[in-house]
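Fold and geometry: a report
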Amino acid sequence: MADSLPTEFDVVIIGTGLPESILAAACSRSGQRVLHVDSRSYYGGNWASFSFSGLLSWLKECQQNSNVGEEGTATWQDLIDETEEAITLRKEDATIQHTEVFCYVGQDVEDNVQEVGALQKNPSSVESSILTLDSACLPEERHTSYLTSYEVPGTNTQKSDRELSPEVTDTEEWLEKEKYCEDKTCVYTVSDGEKDENKLRVKDNTDKPKKNRISYSQIVKEGRRFNIDLVSKLLYSQGSLIDLLIKSNVSRYAEFKNVTRILAFREGKVEQVPCSRADVFNSKELTMVEKRMLMKFLTFCLDYEQHPDEYQAFEQCLFSEYLKTKKLTPNLRHFILHSIAMTSESSCSTLDGLKATKTFLQCLGRFGNTPFLFPLYGQGEIPQCFCRMSAVFGGIYCLRHKVQCFVVDRESGRCKAIIDHFGQRINAKYFIVEDSYLSEEACSTVQYRQISRAVLITDQSILKTESDQQVSILIVPPVEPGACAVRVMELCSATMTCMKDTYLVHLTCSSSKTAREDLESVVKKLFTPYAEAEIDKEELTKPQLLWALYFNMRDSSGINRSSYNGLPSNVYVCSGPDCELGNDHAVKQAETLFQEIFPNEEFCPPPPNPEDIIFDGDDKQPEASGTSNIKMAKLESSKESKSLESPGKHFQN
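Residue numbering note: each chain is counted from 1, following its sequence as written. Reporting of local features is limited, given that this is a predicted model, to residues whose pLDDT is at least 70; pairs of side-chain atoms are given and counted only at 80 or more, and all residues count toward the totals for whole chains, interfaces and linings. To get the side-chain values, all heavy atoms of the structure are used, and hydrogens and water are removed first.

Now for the overall build of the protein. In terms of regular secondary structure, the protein is built from 14 helices and 26 strands. Here the term buried applies to any residue with accessible area under 20% of the maximum for its type, exposed to any over 50%, and partly exposed to those in between, with areas from a 1.4 Å probe on protein chains only. Looking at the protein as a whole, 56% of its 653 residues are labelled buried. Long-range pairs, those at least 24 residues apart, make up 75% of the contacts in the protein with a sequence separation of at least 6. Values of accessible area rely on a 1.4 Å probe in the Shrake-Rupley scheme; residue burial ignores everything except the protein chains shown. As presented, the protein carries roughly 28,400 Å² of accessible surface, and 46% of it is formed by carbon and sulfur atoms. The way it works is that DSSP assigns letters per residue, a run of H or I at least four long becomes a helix, a run of E at least two long becomes a strand, and they are numbered from the N terminus. We call two residues in contact whenever any of their non-hydrogen atoms come within 4.5 Å of each other.

Right under this line is the structure:
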C-alpha cells in the first residue's frame, strides 16, 4: 500500500494537473520508473471536474485550507543527515480565492436531500491509495461515488470518483451558514430580487408555477449528471494537444464533441458568427457586399506570410487599427476581432491578430464546422487520460498522499529524495512539482496573475434555436477601454456536464478585481436571476440564472525558473492553468521539460503493437500485478512506422 512504497524511482511527480500528467505519461512511456502523487483526493488539481456535490465539497475544502494544522511534521526531522537540508512544501492550497456562491432557485423543504446514486462515505477512503496497472487490468466503468483503495484514472463515465465527499445531506445546512468574507466562501440565497448581505432568505416560487420548474433539490439529486470544470478550455482541432492525443493514442481513453456555434455579442444582442464558406453565404446577418469582403480577407489571412507588403507597414499597429485600413465594415471588424481572432482590441498587434485568425481558419473542417472540440464529461478527463497511460506503462499513483519536504544534498545542491506524510524517504533522480506545492519562501519573489472565473447553471441557451443541444463560445468585448474581454462557454447536456433541461455556462477573464466584480456585469447582460419577482418583457427573452459560483484562480504560467528561490537543479516546476482558450502552453511546457530531463528520448511516441513486444526471458510472462516495468526488447520497424488510425474515429460530431 501507500505506506510501503518502493524507495527508488527515476522520476517523482507531485501534482496531477495537465502538464504533470503529460510528463508522467511521457516518462513512463520511455521506460522510467515513475511515482505520481497528489495530496488531493481527486485527479487534475485545478484542471479537475466535479459533480455538483463534489464542487460544494471542494468549496468547503478551499474555505478550510487556512485552518490546516501542522500534522505529521515530526517524523521527517530524523531522516535528514548532517550533509543534507530540507526544503519544506506548502501544506495548503492557496491558488483559489474570493469564492462566492449564489442560489437563485427555490429550495424545496425535504429531509435528507441526497444525490442520486451517492454511497455512504467509506472511512478507509481517506487513506492514501496506490495503483500500478498494466493494459490488461483497465476497468471499463466506474460505479462508486468515492475514491476506492485502488484508484484508476477512468474515462467516459460520470465523474463521481473525483468528488471529495459523496454525501450531500448537509448541503442545505451548509448553504444556510453565515457569509464568510475575504478569501473564505461567501454564500447567498437570493430572494425577491433583494440582495441583503446580512441575512439569508429563501425565495418561495410557488406563486408562479412553471411547467419545467427547477428547484435546488432537483439540482442536488441530479448532481452526478454535472461535471463542472474548474478551468474553462477548448481543444483546437489542429492544436498541439489534439496532435499529442492522436500520436500517443491517448485519444482512445476519451470522447469529444464539436463546438457547434461561435457567437458574438454586439449592440446588446447575441448573434451567430459565420465560420465556414457555407456559413458566410447562408448568413442573414451580412449583406452580399460584406460576405465578399469577409471571404476576401479570410482568404488573405490563410497565407498572409506570402504577402508581407500587405501588413509590414502596420506591424507596430494594433490589429483593430489594421482592420480599419482594409475597409471592412464595423460589423465585419467586430466579428473578426472578437469571434474569429478572439483577441483584445486594445493590446493585440497586427501580426498576432493575423496569426490568431490563421490558426482559427486552419482548424476549420477537421472534425466539424468550428475549430473547437470539447471533451465529454469535462476538461478534467484529459489529465486522467494521460495518468491512465502512465499507469499502463508502470507508473505508480497515490492520491491523498502528502509530501512534507525535499531532501537536498548540501554539497551538490541537488535533490536526493522526498519524505512523505508516512515518514517514508523516497529517492529519485528527478523531481517535478506543481507550482502550488512550493512554499511561500520559495515563491516570495514570484509575481502571479489571477484568473476570474464564474460557473453558472441556467435554464436555456443564450441564443435559442430549433436544437437545444448546442455547444457555444462567445466573447463579450469590454465596455471600458483597457479592460479584458470575457470569454463565455455554454455547454448543453449532450456534453455530459449538466442535467437535462439546463445549461452549464463558464465565464473567464484575466483578473483586475475579484471574480464577481469582473464578471457580474456580463452575467447581468446575458441572464436574468430566477428569483426576480417582476420581469419585464425584454428580460423574458434572457435565460434564467439558477445557480452561480464566482472565484479567482492563480495563473502561474509564464514564470521563469529563476524567479523561484532555492530551487535544486533537478527539481522542475509545472504551472497551473493559464487564461488562454487552448491548452498549448501546458503541452509545450511538458514537452520542454521532458526534453530537458531526457534529451535523447522521444516525447510520447506511438504505443507499440502488443504483438511486437518481446519480454525479457522469452516465454516468461510479466507479473500480473503490473508492478514491474515492461521492457521493450524488440520492435519491428515496419510496425513502428505504421500510421495511426484515423483520428476522426475518436471524435463525435
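The next point concerns the state of the cysteines. When two cysteine sulfur atoms lie within 2.5 Å, the pair is treated as a disulfide. One pass over the structure, following the stated rule, counts 0 disulfides. Cysteine 604 carries a free sulfur, and the closest cysteine sulfur to it, the one in cysteine 27, is 8.8 Å from it.

Here the expected span of a helix is defined as 1.5 Å times the quantity of residues minus one. Here helix α11 (residues 381-392) contains 12 residues, and its C-alpha end-to-end distance of 17 Å stays within 8% of the 16 Å for a straight helix at 1.5 Å per residue. Listed in full, the buried residues belonging to α11 are Glu381, Ile382, Pro383, Gln384, Cys385, Phe386, Cys387, Arg388, Met389, Ser390, Ala391 and Val392. Backbone geometry just after α11 places glycine 394 at a positive phi near 105°.

Next up on the list: the sheet that holds strand β15 (residues 403-409). A pair of strands is considered paired only if DSSP assigns at least 2 bridges between the two. Taking strand neighbours across the sheet as the criterion, the 4 strands line up as β4-β15-β16-β17 in an open arrangement whose pairing is antiparallel. The sheet terminates laterally at β4 (84-88) and β17 (425-427), the two strands that pair on one side only. Neighbour-to-neighbour, the strand axes of the sheet open up by a mean angle of 30°, direction not taken into account. Bridge count for strand β16 (residues 415-420) against β17 is 3 bridges, and the pairing is antiparallel. Axis geometry follows a simple rule: fit a line to the C-alpha atoms, using only the stretch in contact for helices, then measure angles between N-to-C directions, giving values from 0 to 180 degrees.

Glancing now at the side chain of threonine 495. Here threonine 495 lies in the loop between β21 (486-491) and β22 (503-510). Assessed through its relative accessible area of 0%, threonine 495 is described here as buried. Polar contact criterion, stated in full: a pair of N or O atoms within 3.5 Å, where within protein one must be able to donate a hydrogen and the other to accept it, and residues adjacent in sequence count only if both atoms are side-chain atoms. Among the polar contacts made by the side chain of threonine 495, one reaches the side chain of threonine 497 at a distance of 2.7 Å. Discounting chain neighbours no more than four positions away, the residues touching threonine 495 are Lys257, Phe374, Leu376, Tyr377 and Val471.

The next thing to look at is the pairing of strand β1 (residues 11-14). Every second residue of β1 is oriented toward a common face, with Val11 and Ile13 on one face and Val12 and Ile14 on the other, all of them buried. The sheet contact formed by β1 and strand β2 (residues 34-37) spans 4 bridges and is parallel. Bridging from a neighbouring strand, valine 11 pairs with valine 34 of β2. Crossovers are described as right-handed under a simple rule: with the strands pointing away from the observer, the path leading from the first strand over the helix to the second runs clockwise. Tracing the backbone out of β1, into helix α1 (residues 18-29) and back to the parallel element β2 gives a crossover that is right-handed. Inspection of the sheet shows β1 paired to strand β18 (residues 430-434) by 4 bridges, in the parallel sense. Directly across from isoleucine 13, in β18, lies its bridge partner isoleucine 432.

Right, let's talk about unusual backbone geometry for a bit. Phi at asparagine 249 takes a positive value of approximately 70°, unusual for a residue other than glycine. Within the element layout of this structure, asparagine 249 appears in the loop between α5 (240-248) and β10 (256-258). Residue aspartate 501 is not a glycine yet carries a positive backbone phi of 70°. Here aspartate 501 shows up in the loop between β21 and β22. Judged by its relative accessible area of 42%, aspartate 501 is partly exposed.

A few words on the nonpolar core. Soluble globular proteins tend to pack their nonpolar side chains together in the buried interior. Buried Ala, Val, Leu, Ile, Met, Phe, Trp, Tyr and Cys residues that are joined via side-chain atoms within 4.5 Å together make up what is termed a nonpolar core. Core analysis: the biggest nonpolar cluster contains 97 residues, and Phe52, Trp58, Phe297, Phe319, Leu507 and Trp547 have the highest contact counts within it. No other element matches strand β24 (residues 544-555), which puts 8 residues into this core. With sequence-adjacent residues up to four places away left out, phenylalanine 319 is seen in contact with Phe297, Ile336, Leu337, Ala341, Thr343, Cys348, Ser349, Thr350, Gly353, Leu354 and Thr357. Counting residues in hydrophobic clusters, the runner-up holds 47 residues, among them Val34, Ile242, Ile382 and Ile432.

This next bit is on the packing of aromatic side chains. Between rings of Phe, Tyr and Trp, where Trp is taken as its six-membered ring, a pair exists when centres lie within 6.5 Å; planes separated by under 30 degrees are stacked, by over 60 edge-to-face, and by other angles tilted. For the structure shown, the criterion picks out 19 aromatic pairs. Note on phenylalanine 102 and tyrosine 104: the rings are 6.2 Å apart at their centroids and 20° apart in plane angle, and the pair reads as stacked. Judged by relative accessible area, which is 5%, tyrosine 104 ranks as buried. For the pair phenylalanine 360 and phenylalanine 372, a centre-to-centre distance of 6.2 Å together with 75° between the ring planes defines the contact as edge-to-face. Of the two residues, phenylalanine 360 sits in helix α10 (residues 350-363) while phenylalanine 372 sits in strand β13 (residues 372-375), which places them 12 residues apart along the sequence. Taken as a pair, phenylalanine 360 and phenylalanine 372 share a single burial class, namely buried. Among the aromatic side chains, those forming a connected cluster through ring pairs are Tyr42, Phe50, Trp58 and Phe551. The aromatic ring of phenylalanine 300 is capped on one face by lysine 326, whose charged end is 5.1 Å from the ring centroid. Should the NZ of a Lys or the CZ of an Arg lie within 6 Å of a ring centre and within 35 degrees of the ring normal, that charge is described as sitting over the ring. Directly above the ring of tyrosine 448 sits arginine 554, whose terminal nitrogen or CZ lies 4.1 Å from the centroid.

Every definition here rests on a 1 Å grid over the protein atoms only: cavities are sets of points where a 1.4 Å probe fits but cannot get out, pockets are open sets enclosed by protein on both sides within 12 Å along at least five of seven lines, and lining residues have some atom within 4 Å of a point. Grid points are joined across faces, edges and corners, and a volume is the space filled by probe spheres set on the points. For the structure on display, the rule yields 7 cavities of 30 Å³ or more. Taken as a whole, the second largest cavity encloses approximately 70 Å³ of empty space. Along its surface, the second largest cavity is lined by 13 residues, and Arg40, Gly45, Asn46, Trp47 and Glu434 are the ones closest to its centre. Any residue outside Ala, Val, Leu, Ile, Met, Phe, Trp, Tyr, Cys, Pro, Asp, Glu, Lys and Arg is labelled polar, Gly included; the first ten of those are nonpolar and the last four are charged. Considering only residue class, the lining of the second largest cavity consists of 2 nonpolar, 8 polar and 3 charged.

Each packed pair of helices is defined by two parameters, the angle between the axes and the distance between the axes. Contact pair helix α7 (residues 288-302) / helix α9 (residues 330-340): the axes reach a minimum separation of 10 Å and the direction vectors enclose 40°. Taken together, α7 and α9 sit at an angle that is classed as oblique. In this structure, the crossing between α7 and α9 has a hand that is right-handed. For the pair α7 and α9, contact is made by Glu290, Met293, Leu294, Phe297 and Leu298 and by Asn331, Leu332, Ile336 and Ile340, respectively. Among the residues making up the contact of α7 with α9, the classes are represented as 7 nonpolar, 1 polar and 1 charged. Each angle is binned into one of four classes, with values under 35 degrees roughly parallel, values over 145 roughly antiparallel, values of 65 to 115 roughly perpendicular, and all other values oblique. By definition, turning the near helix anticlockwise from the far helix through less than a right angle yields a left-handed crossing, and turning it clockwise yields a right-handed one.

With that settled, the discussion passes to the pattern of salt bridges. Any carboxyl oxygen of Asp or Glu within 4 Å of a side-chain nitrogen of Lys or Arg constitutes a salt bridge here. Using the criterion set out here, one finds 20 salt bridges in the structure. Here lysine 233 makes a salt bridge to aspartate 578, at a shortest N to O gap of 2.5 Å. In this pair, lysine 233 is assigned in the loop between β8 (228-229) and β9 (235-236) and aspartate 578 in the loop between β25 (571-574) and α13 (584-597), connecting sequence segments 345 residues apart. The class for aspartate 578 is buried, based on a relative accessible area of 10%.

Time to look at the environment of methionine 489. Mapped onto the secondary structure, methionine 489 falls in strand β21. Residue classification places methionine 489 among the buried residues on the basis of a relative accessible area of 1%. Separated by 15 residues in sequence, methionine 489 and leucine 504 have C-alpha atoms that sit 8.2 Å apart. Once you skip the residues sitting within four places of it in the chain, methionine 489 turns out to touch Ser232, Lys233, Leu234, Phe374, Ser472, Leu504, Val505, His506 and Leu581.

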